[in-house]
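# Examining the three-dimensional arrangement
Residue-level listing of the chains:
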Amino acid sequence: MLVLVSECSAETVVKGSRFLAEALCVSSQAEARARLSMQKAKYPDATHVVHAFVTGPSGEVSGMSDDGEPSGTAGRPVLDVLRGSGITNILLTVTRWFGGTLLGTGGLVHAYSDAARQVLSLCVTEELVQKIYFSYSTDYSSYQTIKRETEKFHFSGVTEKFDSGIEVSGNIWLSESEEFSLMVKNITRGKSLVTLQGDIL
C-alpha cells in the first residue's frame, strides 16, 4: 500500500459546475470524519462536498457519501478510483459548486471520477512502512557513539533533550527497532535501554 507524502488539490469545470478535488492525509476513520467536517465548514457556499476515504495497513476500512447527489453518482465513483490507486490513510473530497446545468447521472459519474483521478495523478506517494515510537536516555560519551551508528536506521520526528544526560525519542521503522534496541544496549553496556511503545503507521 501507498501513503501520501503531502496533501494536494486539483480543480475542474464541467458545464459551469466547479469541482475541487482534495487529497488529505488521515490515519483513521474518526480522523476522516473530523477532516470531512472541517472541509464542509470551509466551503459553506458549496452545493455538495462528496467524499471517500480508505484507511488501515491494507486499506481494509473505507467509506463514502454522495452528499445529496443522486445515489451512486458521486461517492461510489470516487471510492472506486481511490481503491484502484492503492493508496491508504487518505480522505478524498470533491467539492462542487453547481453551475446551472444538470449533468445527468452519467455526467456526474464521469465528473466525480475524473476529478478524483486528476488530483491523485498530482499526488506524491511513498510505500507504507510501519513505525514504532522509541525513547532512551544516555550519557554524553555514549550518545556520540550511538549517533555515529544510527545512520543506517530510518527515523522520523526525532527530538533530543540535553540536560545532565540526553533523552532521545522519535519514530523508527518497526522492522529495525529490535536491532536498534540491541545496539544501544551493547554500546552502553546495558546502562541505556530503548523503550518501544505501540505500533503506528
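Residues numbered from 1 in each chain as written. Predicted model: local features only at pLDDT ≥ 70, side-chain atom pairs only at ≥ 80, totals over all residues. Heavy atoms only, no water.

### Re the pairing of strand β2 (residues 8–14)
The pairing of β2 with strand β3 (residues 17–25) spans seven bridges and is antiparallel. Along β3, the bridge assignment pairs Glu11 with Leu20. (Pairing = 2+ DSSP bridges. Helix = DSSP H or I, 4+ residues; strand = E, 2+ residues; numbered from the N terminus.)

### A few points about the sheet that holds strand β6 (residues 90–97)
Adjacent strands of a sheet form backbone hydrogen bonds with each other and so pair up, either parallel or antiparallel. Reading across from one edge, β2-β3-β6-β4-β5 is the order of the five strands in this open sheet, with antiparallel pairing throughout. A single partner strand is all that each edge strand has here, and the edge strands are β2 and β5 (61–65). Pairwise comparison of adjacent strand axes, ignoring direction, gives a mean angle of 15° for this sheet. Bridge analysis of strand β4 (residues 48–55) against β6 gives seven bridges, and the strand direction is antiparallel. The residue bridging Val49 from the neighbouring strand is Thr95, located in β6. Its contacts with the sheet put helix α2 (residues 75–85) on β4, β5 and β6, and the angle it makes with β4 is roughly 35°. Contacts between helix α3 (residues 104–122) and the sheet are confined to β2, β3, β4 and β6, with β2 contributing the most and set at about 150° to the helix. (Axes fitted to C-alpha atoms, helices over the stretch in contact; angles between N-to-C directions. Contact = heavy atoms within 4.5 Å.)

### Topic: the environment of Ser137
Assignment of secondary structure puts Ser137 in strand β8 (residues 131–138). By relative accessible area, which is 43% here, Ser137 ends up partly exposed. Expressed as a C-alpha distance, the spacing of Ser137 and Lys161, which sit 24 residues apart in the sequence, is 9.3 Å. When residues no more than four places from it in sequence are discounted, the contact partners of Ser137 are Ile166, Glu167 and Ser192. (Buried < 20%, exposed > 50% of the residue type's maximum accessible area, 1.4 Å probe, protein only.)

### Side note on helix α5 (residues 177–187)
Along α5, the positions that sit buried rather than exposed are Ser177, Phe180, Ser181, Met183 and Val184. Seen along its axis, α5 keeps its buried residues to an arc of 160°; they face one direction. Away from the buried face of α5 by more than 90 degrees, exposed residues Glu178 and Asn186 are located. Of the residues one or two after α5, Arg189 is the one with positive phi, at around 55°. (Arc of directions from axis to C-beta.)

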